[in-house]
Amino acid sequence: MTLIATTAAATASLVTAGLLTSVSAQAAAGCRVAYSVASQWPGGFTGNVAVTNLGDPVSGWTLRWSYGAGQQVSQAWGATVSQSGGQVSAANVDYNASLATNGSTSFGFNASWNSANPDPASFTLNDVACTGGTATPTNPGTPTNPGTPTTPPIPSDPPPSVPPPSGLVGWATQNGGTTGGGGAPATTVTTASALTSALNATGAAVIRVSGTISCSGMLRVRSNKTILGNSGATIAGCGLNISGDRNVIIRNLTFRDWNDDAINVQESATNVWIDHNTFSNGYDGAVDVKRGSDFVTVSWNRVFNHDKTMLLGHSDDNGAQDTGHLRVSYHHNWFDGSRQRNPRVRFGNPVHVFNNYYRANGGYGVASTENAGVLVEGNYFENVKDTYHLGEADSGPGRLVARNNHFVNSPAGQTGGSVASIPYSYQLDTASNVKSIVTAGAGAGRITV
């Protein structure tokens, strides 16, 4: 069920939305909207909305539409959504308030439905409708939505339009997808100061790391960044912090000896892909995702000589921020003797743990706690005494469904409860083949980027 608005006259009957700027007296209004139902189940569905500004740059927006069959939005990401009767209003959040000409943004939501779920018949943006082209507003000097802030925080520029990167599967494909720096020109860094500056800059960027960079603490990563390791690239002593930003890709890097976390995703950060990296001998988490973050894929990484691997949700007391978020896919990772938290999950549902290779994990493989919902599917467990279980330490039990796993000198673990459906498509490798597949492909240096 997909509805796309276009600029062509032949498609004027399709649903589109208008755009009116409050920052230019001569601004033109126009936009394109794509509305789709990403997944649907009895009583509920997930919707995705993408908006492209075809007119002059705008600062602050509100998209409105009406449901005619009783649909009710329950939660959203990438926008602040409210509903009165059948009328739905979706307002920008801080990072996507500004839309340049031909700039795009997207958001998603979950909603309930009854016997039918028809698409909305029309949209407006800042209270102006259009047919996919541009037009001069009749009263451009007056904002159509006086509640929209006139000086929002300046977000990073959107990345150039490029196809999604090959190999991306899982939650990071949702909510508009994850493209990182897109087609921006690459910048190569060889020092900690250059890396820090490049990561913290506004705008889309592709950053290549060359050689070994020694550093300490956590380096802030801003939105719309792709961070790639050249052959042998290593970050030693420090980690990367994605805090409240979105659309970040980290691939083909070796992390070692970090003194906090290697990669920390927090404070409602969204759309992050962490792929083909190697982690060893760090202080705390290799990859921790917490504080309301969402739409993350962690794939084809190797973790060895390390204790606390991957924490999802940092505290039992953070349910208000975390519930409805912390959706992460972990696939084709090599948990190579890493002791625990492979991953340890709070609140997120569904969390998808599939086609990973677990070898000699001294503590445990997967823990589902605090009402999380975890699907453990198609994994290979070898010499793991505690493969997966419900609850951990003082954390109460979550829910866990296990299917199609392969066990070598390892018992099947504890299961219980139900898990929400997986909304994206994926291909599941046969579990008995996962060891050979993952050991041949996981970690830094196994791909060319």
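For the structure given in this document, a descriptive report is provided here. (Residues numbered from 1 in each chain as written. Predicted model: local features only at pLDDT ≥ 70, side-chain atom pairs only at ≥ 80, totals over all residues. Heavy atoms only, no water.)

1. Considering the side chain of Arg 246
1) Next: Position of Arg 246 relative to the elements: it lies in strand E17 (residues 246–251).
2) Next: Since its relative accessible area comes to 12%, Arg 246 is described here as buried.
3) Next: A polar atom in the side chain of Arg 246 sits 3.0 Å from the side chain of Asn 271. (Helix = DSSP H or I, 4+ residues; strand = E, 2+ residues; numbered from the N terminus. Buried < 20%, exposed > 50% of the residue type's maximum accessible area, 1.4 Å probe, protein only. Polar contact = N/O pair within 3.5 Å; in protein donor to acceptor, adjacent residues only side chain to side chain.)

2. Focus on the nonpolar core
1) Next: Membership of the largest hydrophobic core comes to 55 residues, with the highest contact counts inside it found for Phe 255 and Phe 279.
2) Next: The biggest single contributor to this core is strand E16 (residues 234–243), with four residues.
3) Next: Core analysis: the next-biggest nonpolar cluster, separate from the first, contains 22 residues, Val 33, Val 88, Ala 90 and Leu 99 among them. (Core = buried A, V, L, I, M, F, W, Y, C linked by side-chain atoms within 4.5 Å.)

3. Notes on the sheet that holds strand E7 (residues 80–84)
Where strands meet in a sheet, backbone hydrogen bonds hold them as pairs that are either parallel or antiparallel.
1) Next: The sheet built from four strands is open, its strands ordered E7-E8-E5-E11 with antiparallel pairing. Lying at the two open borders of the sheet, with one neighbouring strand each, are E7 and strand E11 (123–125). Neighbour to neighbour, the strand axes of the sheet diverge by 20 degrees on average, direction disregarded.
2) Next: Bridge count between E7 and strand E8 (residues 87–91): five bridges; the pairing is antiparallel. Along E8, the bridge assignment pairs Ser 82 with Ser 89. (Pairing = 2+ DSSP bridges. Axes fitted to C-alpha atoms, helices over the stretch in contact; angles between N-to-C directions.)

4. Considerations on the packing of aromatic side chains
Each aromatic ring pair is summarised here by two numbers: the centre-to-centre distance and the angle between the ring planes.
1) Next: Here the structure, examined in full by the defined rule, presents 15 aromatic pairs.
2) Next: Aromatic side chains Phe 381 and Phe 407 sit 5.7 Å apart centroid to centroid with 10 degrees between the ring planes, which places their arrangement in the stacked category. With a gap of 26 residues between them, Phe 381 in strand E33 (residues 380–382) and Phe 407 in strand E36 (residues 406–408) connect regions that are remote in the sequence.
3) Next: Each ring, one from Tyr 424 and one from Tyr 426, has its centre 5.9 Å from the other, and the planes form 65 degrees; the classification is edge-to-face.
4) Next: Residue class for Tyr 426 comes out partly exposed when judged on its relative accessible area of 26%.
5) Next: Stacked on the ring of Phe 304, the Lys or Arg Arg 302 has its end atom at 4.5 Å from the ring centre. (Phe/Tyr/Trp six-rings, centres within 6.5 Å; stacked < 30°, edge-to-face > 60°. Lys NZ or Arg CZ within 6 Å of the ring centre and 35° of its normal.)

5. Structural notes on the side chain of Arg 344
1) Next: Inspection of the secondary structure puts Arg 344 in strand E28 (residues 344–346).
2) Next: Despite its burial, Arg 344 remains without a salt bridge, the nearest opposite charge being carried by Asp 316 at 4.8 Å.
3) Next: Separated by 2.9 Å, the side chain of Arg 344 and the backbone oxygen of Glu 392 make a polar contact.
4) Next: In contact with Arg 344, other than residues within four places in its own chain, are Met 310, Leu 311, Leu 312, Tyr 364, Ala 367, Thr 369, Glu 392, Ala 393 and Ser 395. (Lys, Arg positive; Asp, Glu negative; His and termini not counted. Salt bridge = Lys/Arg side-chain N within 4 Å of Asp/Glu carboxyl O. Contact = heavy atoms within 4.5 Å.)

6. Observations regarding helix H3 (residues 434–441)
Every α-helix winds through 3.6 residues per turn, so residues three or four apart in the chain are directed the same way.
1) Next: Among the residues making up H3, those that are buried are Val 434, Val 438 and Gly 441. All buried residues of H3 lie within an arc of 85 degrees about the axis, which places them on one face of the element.
2) Next: Lining the buried residues of H3 we find strand E27 (334–336), strand E30 (357–359) and E33. (Arc of directions from axis to C-beta.)

7. Brief notes about the sheet that holds strand E35 (residues 399–403)
1) Next: Judged by pairing direction, the sheet is parallel, and its ten strands sit side by side in the order E12-E13-E15-E17-E20-E23-E26-E29-E32-E35 without closing on themselves. If you trace the sheet from one side to the other, it starts and ends with strand E12 (186–189) and E35, each paired once. Neighbouring strand axes in the sheet, compared pairwise and without regard to direction, differ in orientation by 10 degrees on average.
2) Next: Across four bridges, the pairing between E12 and strand E13 (residues 205–209) is parallel. By the bridge assignment for E13, Thr 188 is matched with Arg 208.
3) Next: On top of the sheet, helix H1 (residues 192–200) reaches E12, E13 and strand E15 (225–229); it is set at about 160 degrees to E13, its chief contact.

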